[in-house]
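# Structural description and commentary
One letter stands for each residue in the lines below.
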Amino acid sequence: MSDCCEASVRAPRQAPCPITGTSGTRVRRQTVKAILKDSSLRCLRPATYYFCPESTCDVVYFSQQGELYSKHDVRTTVWQKEPVGDRLLCYCFGENEQTIASEIEATGTSLAFDRVAEHVRLGRCACDIRNPRGVCCLGDLKAAVTRLQADRSHA
Ligand SMILES: [Zn+2]
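As a starting point, this report considers the structure included with it. Predicted model only: the values in this text are computed from it and were never measured.

### A closer look at the coordination of the zinc ion
The coordination sphere of the zinc ion contains the protein donors Cys17 (SG), Cys52 (SG) and Cys57 (SG), at a distance range of 2.2 to 2.3 Å. For cysteine 57, a relative accessible area of 3% gives the class buried.

### Let's talk about the nonpolar core
Residues Leu89, Cys90, Ile100, Val116 and Leu141 are the most contacted members of the largest nonpolar core, which totals 17 residues. Mapped by element, the contributors of at least two residues to this core are α3 (97-107), α4 (112-121) and α6 (138-154). For this core, the leading source of residues is α6, giving 5 residues. With 13 residues, the next largest nonpolar core counts Ile35, Ala47, Phe51 and Tyr69 among its residues.

### Structural notes on the sheet that holds strand β5 (residues 68-70)
The antiparallel open sheet is built from 5 strands, whose spatial order is β1-β2-β3-β4-β5. The two strands at the open ends of the sheet, each matched to only one other strand, are β1 (14-16) and β5. Along the sheet, successive strands turn relative to each other by an average axial angle of 35°, direction set aside. For β1 and strand β2 (residues 23-27), the ladder comprises 3 bridges, and the chain directions are antiparallel. Bridging from a neighbouring strand, alanine 15 pairs with glycine 24 of β2.

### Remarks on the pairing of strand β4 (residues 59-63)
Regular strands place their side chains on alternate faces of the sheet. With 5 of 5 residues buried, β4 lies mostly within the body of the structure. Pairing analysis gives 3 bridges linking strand β3 (residues 49-51) to β4, with the strands arranged antiparallel. Bridge pairing links tyrosine 50 to phenylalanine 62 in β4. Note: β4 against β5, 3 bridges, orientation antiparallel. Bridging across to β5, tyrosine 61 finds its partner in tyrosine 69. The hairpin formed by β4 and β5 contains 4 residues between the paired strands, and glycine 66 there has a positive phi angle of roughly 110°.

### A short note on the pattern of salt bridges
Taken as a whole and judged by the stated rule, the model has 11 salt bridges. Where arginine 115 meets glutamate 103, a salt bridge forms, and the shortest distance between an N and an O atom there is 3.0 Å. With a gap of 12 residues between them, arginine 115 in helix α4 and glutamate 103 in helix α3 connect regions that are remote in the sequence. Accessibility expressed as a relative area gives 33% for arginine 115, which makes it partly exposed. Of the charged contacts, one joins aspartate 140 and arginine 133 as a salt bridge, the two residues approaching to 2.9 Å between their closest N and O atoms. For arginine 133, a relative accessible area of 26% translates into the label partly exposed. When salt bridges with common partners are traced through the structure, they connect Arg87, Glu97 and Arg147 into a single cluster.

### With respect to the packing of α4 against α6
Packing of α4 against α6 leaves a shortest axis separation of 9 Å and a crossing angle of 165°. On the basis of their axis angle, the class for α4 and α6 is roughly antiparallel. α6 is crossed by α4, and the crossing has left-handed handedness. Within the contact between the two elements, α4 uses Ala112, Phe113, Val116, Ala117 and Val120 and α6 uses Leu138, Leu141, Lys142 and Val145. Among the residues making up the contact of α4 with α6, the classes are represented as 8 nonpolar, no polar and 1 charged.

The rules behind each value
Residues numbered from 1 in each chain as written. Predicted model: local features only at pLDDT ≥ 70, side-chain atom pairs only at ≥ 80, totals over all residues. Heavy atoms only, no water. Donors = N, O, S within 2.8 Å, 3.2 Å for Na, K, Ca; no water. Buried < 20%, exposed > 50% of the residue type's maximum accessible area, 1.4 Å probe, protein only. Core = buried A, V, L, I, M, F, W, Y, C linked by side-chain atoms within 4.5 Å. Helix = DSSP H or I, 4+ residues; strand = E, 2+ residues; numbered from the N terminus. Pairing = 2+ DSSP bridges. Axes fitted to C-alpha atoms, helices over the stretch in contact; angles between N-to-C directions. Salt bridge = Lys/Arg side-chain N within 4 Å of Asp/Glu carboxyl O. Parallel < 35°, antiparallel > 145°, perpendicular 65-115°, else oblique. Left-handed = near helix turned anticlockwise from the far one by under 90°. Contact = heavy atoms within 4.5 Å. Nonpolar A, V, L, I, M, F, W, Y, C, P; charged D, E, K, R; others polar.

Structural data, given as structure tokens:
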């Protein structure tokens, strides 16, 4: 019997987005089910789904059998597909580019990564059902803090 929340282990980890050809990463079906709006969820077919990270592409999830879900089909914003500046990066604890930039402006640095890392350590995150990519946001947060700090020092 198959587990309806798991991607097939035989499916490849990466597959090209049918619209842009960008390499998408396999996501657990539980993530897709948690993120899709009910109107889209009602039509969800059992397939292996991939996340398209391309900023210029509206596709959020696709399967190799032709299923496509765009950013209009999901319950949250997908930061990879939003304009830089005020994007929500941590879906569990609400860290976003605007508050991180303000913190850097006020104190010279941002502790967003440390705050979230502490929550993760204490078992409080739910990235698999809140982050559209279905993975921990810490890597993205670290990159964003580094980028925003560099932006400020060059301003
Ligand atoms: Zn795409």
